[in-house]
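Geometric and topological summary
Each chain is listed here by its residues.
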Amino acid sequence: MVEQLFCKQPVTRSNRVAGSSFSSLFPTLFGHSFILRLMESIEMGIVDASKLISVHGCWPSFHDAEILDFHIWRNHGAISLEYPILTTKVHVFIGKPDTQHALTTLRFERVQDLTMHGFNHQNSVYGISIQPRSNGGFSICFDSALGMGASFDCSVISVVDAQLCTADAILGSAKTE
């Protein structure tokens, strides 16, 4: 199973429903209030999370989001050259996919243990899982629906930019960059 290879959580045929994300199983396994508390604590650890929250209304699950850009570089010129930085541009739907659109750029610093597969012409995800690590930082999983999937650990997450836009603007952004 792809999720077992690229996500830090075990996913089996018995707990995976075709066409649904592993994160949609959390309310069944842990209860809605647990998930809401977890999401609230996650957003508090993300630098400038308010940029995305002000556009989306809350911290999104990134369900059905599309990864437009996935950029990794080695942090050249900084004091610490130990680990790379990763930025990703994400097309987030607000409400139903045919309603409002948002474009957000997320930045992950001190990336470690990166595994990525399948980046292609359409990289939709069931969700982006952000889980705190016991030793600090976060474990990240881009749960692939079509195209790219990835998992990695990082020390810092920040929202670089988030803005409402039209579907045409997002298509133009994807073509020009």
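The structure contained in this document is the topic of the report that follows. (Residues numbered from 1 in each chain as written. Predicted model: local features only at pLDDT ≥ 70, side-chain atom pairs only at ≥ 80, totals over all residues. Heavy atoms only, no water.)

This part takes up helix H4 (residues 49-56). Every buried residue of H4 is listed here: Ala49, Leu52, Val55 and His56. Seen along its axis, H4 keeps its buried residues to an arc of 135°; they face one direction. Once H4 ends, the next one or two residues include glycine 57, with phi positive near 100°. (Buried < 20%, exposed > 50% of the residue type's maximum accessible area, 1.4 Å probe, protein only. Helix = DSSP H or I, 4+ residues; strand = E, 2+ residues; numbered from the N terminus. Arc of directions from axis to C-beta.)

The buried count for strand E3 (residues 100-109) comes to seven of 10 residues, which makes it a mostly enclosed element. Relative to E3, strand E2 (residues 85-94) runs antiparallel, the two being bridged by nine bridges. Bridged to valine 92 within E3 is alanine 102. Sheet analysis places E3 next to strand E8 (residues 156-165), joined by nine bridges and oriented antiparallel. Bridged to threonine 104 within E8 is alanine 162. (Pairing = 2+ DSSP bridges.)

Time to look at the pattern of salt bridges. Applying the stated criterion across every chain yields a total of three salt bridges. Across the pair arginine 107 and glutamate 109 runs a salt bridge whose closest N-O atoms are separated by 3.0 Å. Under the relative-accessibility criterion, arginine 107 is labelled partly exposed at 25%. (Salt bridge = Lys/Arg side-chain N within 4 Å of Asp/Glu carboxyl O.)

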